[in-house]
Every structure is written in C-alpha cells, then in structure tokens.
Amino acid sequence: MKKIFTEENGCYSFDCTKALWATDEIHQVYSSTEGSLNDVDLVLETETKIIMMEYKNACIPGAAKPEAFQPGADNKINNVVKKFYDSLHYMYLIGKEKPKEFVYVLEYPNGDSVSRRMIRNRLKKKLPFHLQELLADKVKLIEKVDVVSINEWNQNEEYGMFPIKLKSEIEFPDA
C-alpha cells in the first residue's frame, strides 16, 4: 500500500508511513462514477480514529493569483464542507467506522492562527455537530474539526506523526 502521497501541485508530500491505512484515491473512485461527489484530499487511519484531510496551499510557487484566494468566502467554506460530507459515503462503503476528525490544512497569503480559527468556527457551524446533539447519543459522524497551517500540522503531537514536507525533503524507501 502506498504510504507517501504528493499533493496535486507536486511541491509537498504527506508521509503516512506510520498510518495503519491511508489513501488519496477517493477522487479517482468518485470520478469514475460520473456522479457529482466531492472528496477530501487524504484519509489517514490511526489506532483510534480516521483523519480526513483537505489541503489547500495558495502560497506555493506558481500559485495562480494567491492574493485573490479567499478561504473564508461562503462558496469556499461550503465547498470544503461538501467535501467532508461527500467523503463520508466512501468511508462508510469501505467499512471505516472509527471516530472521524476533519482537518483542513490551509496556507494562504496573510493567513494566521486567528483567521484559521475563524474559518474553523464557520466550518463547525456547517458540519453535523449540532445535528448529532439533536439526534444521536452514541452515533457520531464527526468528532472534531480543525484548520491548521503546515507548520501547525507538523508540530501537533498527533498530526505530526504524518509530516508534510517539501517533496525534496522526503526520503523515499528503497523499492
């Protein structure tokens, strides 16, 4: 099973060698269905949970109009939320039933911890936290949502086990 993944721009890699299971294949699977489902970029499984990650980096070299990227805009927030909800179908169908966390790794010009926290709070309102409180005392679709920078991801005790590095910094195991 593949354990090191490269993001779509080819600049950064995600080292998931310490994950029990990991995939970036949801997009390929969904594309083959001719449906209109959206997907998260990466899913990691640990002993205790599933981490569903969405990644956006408007600060990479060659990013198209990074100053125009507005991650707090309603349409961007709604699209990120849709990726979580739509990816739940995939997780259910392959039998991944552990508690789920949704982490949005976000890099953009002038992004800081305050703006990421505001985005996290907006996401939390649109994700099924309140619905879970109303309808379920045992079943949960989501346990936690977070919005972090690459540095915050790497410094986090849990997430940092799966470091995000420039592709040139990743040491690939011998084939």
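Residues numbered from 1 in each chain as written. Predicted model: local features only at pLDDT ≥ 70, side-chain atom pairs only at ≥ 80, totals over all residues. Heavy atoms only, no water.

A.B. asks: Just to check I follow, could you spell out the overall build of the protein chain for this structure?
C.D. replies: Looking only at helices and strands, the protein chain features five helices and eight strands. Once the C-alpha set of the protein chain is aligned to its principal axes, its extents read approximately 45 × 40 × 40 Å. Within the protein chain, residue pairs in contact and separated by at least 24 positions form 67% of the contacts whose partners lie at least 6 positions apart. For the protein chain, the exposed surface amounts to about 10100 Å²; the carbon and sulfur share of it is 49%. Distance between charge centroids for the protein chain: 4 Å, based on 24 positive and 28 negative side chains. (Helix = DSSP H or I, 4+ residues; strand = E, 2+ residues; numbered from the N terminus. Contact = heavy atoms within 4.5 Å. Areas by Shrake-Rupley, 256 points an atom, 1.4 Å probe, with all protein chains shown as cover. Lys, Arg positive; Asp, Glu negative; His and termini not counted. Charge placed at Lys NZ, Arg CZ, Asp CG, Glu CD.)

A.B. asks: Could you clarify how one ought to interpret helix α3 (residues 113-126) in this entry?
C.D. replies: Structurally, the α-helix is built with 3.6 residues per turn, so residues lying three or four positions apart point the same way. Between the first and last C-alpha of α3 there are 20 Å, a value that for 14 residues agrees with the 20 Å anticipated at 1.5 Å per step. Buried within α3 we find S115, R116, I119 and L123. Down the axis of α3, the sector holding all buried residues measures 100 degrees, keeping them to one side. Away from its buried face by more than 90 degrees, α3 exposes M118 and K125. Tucked inside the fold, the buried residues of α3 contact α2 (74-93), β6 (100-107), β7 (144-148) and α5 (150-155). (Expected span 1.5 Å × (residues − 1). Buried < 20%, exposed > 50% of the residue type's maximum accessible area, 1.4 Å probe, protein only. Arc of directions from axis to C-beta.)

A.B. asks: Could you clarify how one ought to interpret a nonpolar patch on the surface in this entry?
C.D. replies: Nonpolar side chains collect at one region of the surface, where Y92, L93 and I94 lie side by side and expose about 380 Å² of accessible area between them. Within the element layout of this structure, L93 appears in helix α2. Here L93 falls in the exposed class, since its relative accessible area comes to 69%. (Patch = residues over 30% accessible without salt bridge, like charges linked within 9 Å, V, L, I, M, F, W, Y side chains within 5 Å. Salt bridge = Lys/Arg side-chain N within 4 Å of Asp/Glu carboxyl O.)

A.B. asks: Help me understand the side chain of T46, please; the structure alone is not making it clear to me.
C.D. replies: Examined against the element boundaries, T46 turns out to sit in the loop between β4 (42-45) and β5 (50-57). Note on T46: relative accessible area 16%, which makes it buried. Beyond its immediate stretch of four places on either side in the chain, T46 contacts L20, I51, K98 and F162.

A.B. asks: Which parts of the structure should I look at to understand the packing of α2 against α3?
C.D. replies: Each packed pair of helices is defined by two parameters, the angle between the axes and the distance between the axes. Two numbers describe how α2 lies on α3: the axes approach to 10 Å, and their chain directions differ by 55 degrees. When the axis of α2 is compared with that of α3, the two are oblique. The crossing of α2 and α3 is right-handed. Counting all contacts with α2, which are made through D74, I77, N78, V80, V81 and Y85, the residues of α3 involved are I119, R122, L123 and K126. Grouping the constituent residues of the contact of α2 with α3 by class yields six nonpolar, one polar and three charged. (Axes fitted to C-alpha atoms, helices over the stretch in contact; angles between N-to-C directions. Parallel < 35°, antiparallel > 145°, perpendicular 65-115°, else oblique. Left-handed = near helix turned anticlockwise from the far one by under 90°. Nonpolar A, V, L, I, M, F, W, Y, C, P; charged D, E, K, R; others polar.)

A.B. asks: Got a minute to help me understand the sheet that holds strand β3 (residues 21-23) in this structure?
C.D. replies: The pairing of strands in a sheet happens through backbone hydrogen bonds and is either parallel or antiparallel. Read from one edge to the other, the open sheet built from five strands follows the order β3-β4-β5-β6-β7, with strand pairing classed as mixed. In the strand order of this sheet, the two ends are held by β3 and β7, each with one partner. Between one strand and the next, the sheet's axes are offset by a mean angle of 15 degrees, whatever the strand orientation. The pairing of β5 with β6 spans eight bridges and is parallel. (Pairing = 2+ DSSP bridges.)

A.B. asks: Explanation requested: the nonpolar core in the structure shown.
C.D. replies: One broad rule of soluble globular proteins: the nonpolar side chains tend to lie buried together. Ranked by size, the top nonpolar core spans 27 residues in total, and within it V43, M52, F102, Y104, I119, L123 and L127 carry the most contacts. Elements supplying a minimum of two residues to this core: α1 (26-31), β5, α2, β6, α3 and β7. For this core, the leading source of residues is α2, giving seven residues. Residue contacts for F102: discarding those within four places in its chain leaves V40, M52, E54, V80, F84, L127, I142, K144, V145 and D146. Counting 20 residues, the second largest nonpolar core, distinct from the first, contains F5, F14, I51 and V105. (Core = buried A, V, L, I, M, F, W, Y, C linked by side-chain atoms within 4.5 Å.)

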